[in-house]
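Residue-level listing of the chains:
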Amino acid sequence: MITQVFRKTMQIGVLLSLLTLVPTMALAMESSDCKSCHDDTDMVGEELMIEALTFDQTAHAEVGCPACHSSVTEDHPDDGLAPSKASCAECHDGVSEEYVNSIHAENASCNDCHNPHRALGPTAVSGQDMNLQCSTCHENVEMQAKHAEWLPQADLHISTLPCITCHSASDEYVISLYIIKRQSGTPFGGFELASYEELNELSGGKPVQELVDINADGYISLAELRMFNRDSQNKQLRLQGMMTPENVSHDFRTRNDRWDCSFCHASGPEAMQVSYLSLAESDGSFHRVSVEKGAVFDALYGTPDFYMVGASRSSALNYVGMAILAGGMVMPLGHGTLRFLTRKNRKDEEE
Amino acid sequence: MSSKIKIYLQPTPVRIWHWLNALGIITLCVTAVQIRFPEHVHLFANYKAAILLHNAAGLVVTFSFTLWFIYYALVRRNMVDVYIPSVDDIQNGLLRQAKFYMLTYFLGWANPHHPTPDNKFNPMQKSAYLAIMFLLVPLVSLTGLLLTNLSPMRDLVLLVGGLKILIAIHFLLACSLCAFLFTHVYLATLGKTPMAYIKPMWTGWEEEDEDHHPHSAS
Ligand code: HEM
């Protein structure tokens, strides 16, 4: 964590000094100038439109447009010059080096998966959106069929796990809960991630987060979670849980513990303690709210529709189960003892 | 020595069902322990192996249950006689049988129930098997089938109240089935010799002394 912050600060520091030490013509125009044209389809058309609302939410807003398009002059766009486009490696040397050496390097470039104008960290992207980054090339139905060759319930796994949870590494994984909504029309329509507009309508003017965080303290207690789950059915809402990475390695190596299921299912309860509610924002990013520790272990209403076999078992149910099994031993043990002690009474018969 | 008579008590389909079922359920119980407590239990090579075996055994049990049902309900058509306790069973039989297990057995008295092909279970067996075969096995199988097809049957899962509730039902009923198994296997050794009841379940033939001529209890 500290090294990450340090790394970030270093990167921003290096950048800022670069920007001041190497004054270019680009300094003449600032990000806000660029946006005045490029955030307006009437000025630049659909193709060159850069959604400012979305861009401002990304870490790249801090580096600004000219940092990546340094050749843009004051005469742009009338100068007829094609603006330069920075390569990601200039600033992300660590990730780039790792990716270049990965088995996937020949298959896709950074920009095939990322749009530099909406580049968000893994905690600000929904699991569903993470998979959109892959599905442009790896078609979903085909992937389900491929994985079904060895993965039980591949359809379920592919729809409730980001591909990168299995195909890359992270220091930490958490359970992210997303509000999904039944598609209107049929009573048995599928569920889809609720958009900001849908949530906003449901919350009736209040901040979207208060749909679940009823007392608005920025923290979701188990009681609030249960309350939401009990009455969410009538609003056609559900919480979908996904196991998401906190950071992402880019080696795209397939790990054996993903293949034999043990990484997720045999990691023990410690791995499942942290969860967040993740909600769509108006700018397309996702915003997280902390959920009380261990919510996924609640036997019934904490996360009623999320269960990872082997990992999120309820200990309360374990005790009930144990009592039932003990009940089954009463006859063999109790009766068996008396049977042994009175064996003489049946001696004649057994001969 | 009194002469022995033999009665054909357990027809072949019932025996096939029973031992398929026993094998299936024991496999289910053993794999289930690893599936629920994977970080403590390592009976099978890996987690996936336990899951796949559990799913396969579940299908075997569901299949053999169907065999059992078809045989008794459609082929032999004596399901009601064999499995549903009669009024007399409930009013007198249960008590009589409980008295035998709890008291007179220890004194060396004979079992008051004598099996015939259409009345092969004593009243306690009937009640227990009724609960097992009409409640526990079907419900555990159904919840298990749902659990192995979550995506396509999500709406049914929601109808039950969600995955957690489905899991809870499956787990607690399965524990009950396992508890029944302990008692059942123990009681199966309670014949004149420990193998006296188990052998007919294997060969089909039950041996009885002539003077205990089988009579119907109802
Ligand atoms: C190794 C395990 C088992 C042994 C040794 C065993 C033994 C026996 C025996 C000796 C009988 C004869 C009837 C009687 O005396 O009650 C019987 C019948 C029966 N057993 Fe089992 N059993 C085993 C496993 C199971 C399991 C796992 C189940 C179900 C969950 C089961 C369900 C039944 C039922 C329903 C009957 C009555 C069958 C009929 O329709 O004739 N048994 N068993």
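As the structure is a prediction and not an experimental result, all values here were calculated from the model.

Rules of the game
Within each chain, residue numbers correspond to sequence positions counted from 1 in written order. For this description, chains carry letters from A and ligands carry numbers from 1, given in the order in which they are written. With pLDDT at 70 or above as the cut-off, local features in this predicted model cover only qualifying residues; side-chain atom pairs require 80 or more to be listed or tallied, and sums for whole chains, interfaces and linings still use all residues. Excluded from the side-chain calculations are hydrogens and water; all other atoms, namely the structure's heavy atoms, are used. What makes two residues a contact is simply this: any of their non-hydrogen atoms within 4.5 Å. Throughout, the accessible surface (probe 1.4 Å) given up by two parts as they are put together, summed over both, is called the buried area. By convention in these notes, a salt bridge is any Lys or Arg side-chain nitrogen within 4 Å of a carboxyl oxygen on Asp or Glu. An automatic or database domain assignment is the source of the domain bounds shown. In protein, a polar contact means a hydrogen-donor-capable atom and an acceptor-capable atom, both N or O and within 3.5 Å, with residues adjacent in sequence counting only if both atoms are side-chain atoms; elsewhere, any N or O pair within 3.5 Å suffices. A run of DSSP states H or I qualifies as a helix once it reaches four residues; a run of E qualifies as a strand once it reaches two. Both are numbered from the N-terminal end. Residue polarity follows a fixed list, in which Ala, Val, Leu, Ile, Met, Phe, Trp, Tyr, Cys and Pro are nonpolar, Asp, Glu, Lys and Arg are charged, and the others, Gly among them, are polar. Note on donors: an N, O or S atom is included if it sits within 2.8 Å of the metal, or within 3.2 Å for Na, K and Ca, and water is never included, so sites can look incomplete. Under the classification used here, a metal with four donors is tetrahedral if each angle lies between 85 and 135 degrees, square planar if opposite donors are over 155 degrees apart and the others between 65 and 115, a six-donor metal meeting that same test is octahedral, and anything else is irregular. For each residue, the accessible area found with a 1.4 Å probe, counting protein chains only, is set against the maximum for its type, and the residue is called buried under 20%, exposed over 50%, and partly exposed in between. Two joining distances apply to patches: 9 Å for like charges and 5 Å for nonpolar side chains (Val, Leu, Ile, Met, Phe, Trp, Tyr), and every residue must have over 30% relative accessible area and no salt bridge. Using a 1.4 Å probe, accessible areas were evaluated by the Shrake-Rupley method; residue-level cover was limited to the displayed protein chains. When charges are counted, Lys and Arg contribute as positive and Asp and Glu as negative, whereas His and the chain ends are disregarded. Charge positions come from single atoms, namely NZ of Lys, CZ of Arg, CG of Asp or CD of Glu. We call a set of buried residues a nonpolar core when its members are Ala, Val, Leu, Ile, Met, Phe, Trp, Tyr or Cys and they connect through side-chain atoms within 4.5 Å of each other. Pairing between strands is defined by DSSP: at least two bridges between the two strands are required.

Asks: Looking at this structure, how should I read the interface of chain B and chain A?
Replies: Often, the extent of an interface is quoted as the loss of accessible area on bringing the components together. Counting residues at the interface gives 49 residues for chain B and 52 residues for chain A. Contact between chain B and chain A buries roughly 4,400 Å² in total, counting both sides, with carbon and sulfur atoms accounting for 61%. If you sort the residues of chain B by the area they bury against chain A, B:Lys48, B:Phe106 and B:Lys164 come out on top, with a joint share of 19%. Linking chain B with chain A are three salt bridges, by the criterion used here. Put simply, A:Arg182 and B:Asp155 hold a salt bridge, and the shortest N to O gap is 2.8 Å.

Asks: Which parts of the structure should I look at to understand the domain arrangement of chain A?
Replies: All names here are of chain A. One can read the domain layout of chain A as domain 1 (2-86) and domain 2 (95-315). Listed per partner, the contact involves eleven residues of domain 1 and nine residues of domain 2. Here domain 1 packs against domain 2, burying approximately 850 Å² in sum over the two surfaces, 57% of which is carbon and sulfur. At the junction of domain 1 and domain 2, the tally comes to zero salt bridges. Put simply, domain 1 and domain 2 have two residue pairs in polar contact (both at pLDDT 80 or more) between them. Looking at which element gives the most residues to the side of domain 1 that touches domain 2, the answer is helix 4 (residues 52-55), with three residues. The class makeup of the residues in the side of domain 1 that touches domain 2 is four nonpolar, six polar and one charged.

Asks: Got a minute to help me understand the coordination of the iron atom of the ligand in this structure?
Replies: Geometry sets the ideal angles at a metal, namely 109.5 degrees for four tetrahedral donors and 90 or 180 degrees for six octahedral donors. Residues and elements named next belong to chain B. Those protein atoms acting as donors to the iron atom of the ligand are His18 (NE2) and His184 (NE2), and they sit at 1.9 to 2.0 Å. In this structure, the iron atom of the ligand is coordinated by six donor atoms arranged in octahedral fashion, with angles at the metal of 86 to 179°. Highlighted residues: histidine 18 in helix 1 (residues 12-36) and histidine 184 in helix 7 (residues 163-188), separated in sequence by 166 residues. Note on histidine 18: relative accessible area 14%, which makes it buried.

Asks: Hey, could you run me through the pattern of salt bridges in this one?
Replies: A pair can form between side chains of opposite charge whenever their charged atoms are brought close. For the structure shown, the criterion picks out eleven salt bridges over all chains. For the salt bridge of A:Asp305 with B:Arg154, the shortest nitrogen-to-oxygen distance reads 3.2 Å. Here B:Arg154 lies in helix 6 (residues 154-160) and A:Asp305 lies in the loop between strand 6 (286-291) and helix 17 (315-341), a pairing that spans two chains. Taking the relative accessible area as the measure of exposure, A:Asp305 reaches 10% and is therefore buried.

Asks: Hey, could you run me through a negative patch on the surface in this one?
Replies: Residue and element names in this part refer to chain A. There is a patch of like negative charges on the surface, built from Glu30, Asp33, Glu74, Asp75 and Asp78. Topologically, aspartate 75 is positioned in the loop between helix 6 (65-68) and helix 7 (93-100). Here aspartate 75 falls in the exposed class, since its relative accessible area comes to 51%.

Asks: Whenever I open this one, the nonpolar core confuses me. Can you help?
Replies: Of all hydrophobic cores here, the largest spans 29 residues; its most connected members are A:Ile179, A:Val212, A:Leu225, A:Met243, A:Met272 and A:Leu277. Of all elements in the fold, only strand 1 (173-182), helix 14 (222-232), strand 4 (237-245), strand 5 (275-280) and strand 6 of chain A reach the threshold of two or more residues within this core. Take this core: its biggest share by element is four residues, from strand 1 of chain A. For A:Met243, the contacting residues outside a window of four places in its chain are A:Thr160, A:Leu161, A:Pro162, A:Thr165, A:Tyr173, A:Val174, A:Ile175, A:Phe263, A:Cys264, A:Met272 and A:Met308. Counting 24 residues, the second largest nonpolar core, distinct from the first, contains B:Ile25, B:Val61, B:Trp68 and B:Leu136.

Asks: Would you mind showing me how to read the pairing of strand 4 of chain A here?
Replies: Residues in a regular strand point their side chains to alternate faces of the sheet. Residue and element names in this part refer to chain A. Counting buried positions over the nine residues of strand 4 gives nine, a clear majority of the element. Burial of the side chains of strand 4 extends over both faces: Leu237, Leu239, Gly241, Met243 and Pro245 are buried on one face and Arg238, Gln240, Met242 and Thr244 on the other. The sheet contact formed by strand 1 and strand 4 spans nine bridges and is antiparallel. If you follow isoleucine 180 over to strand 4, its bridge partner there is arginine 238.

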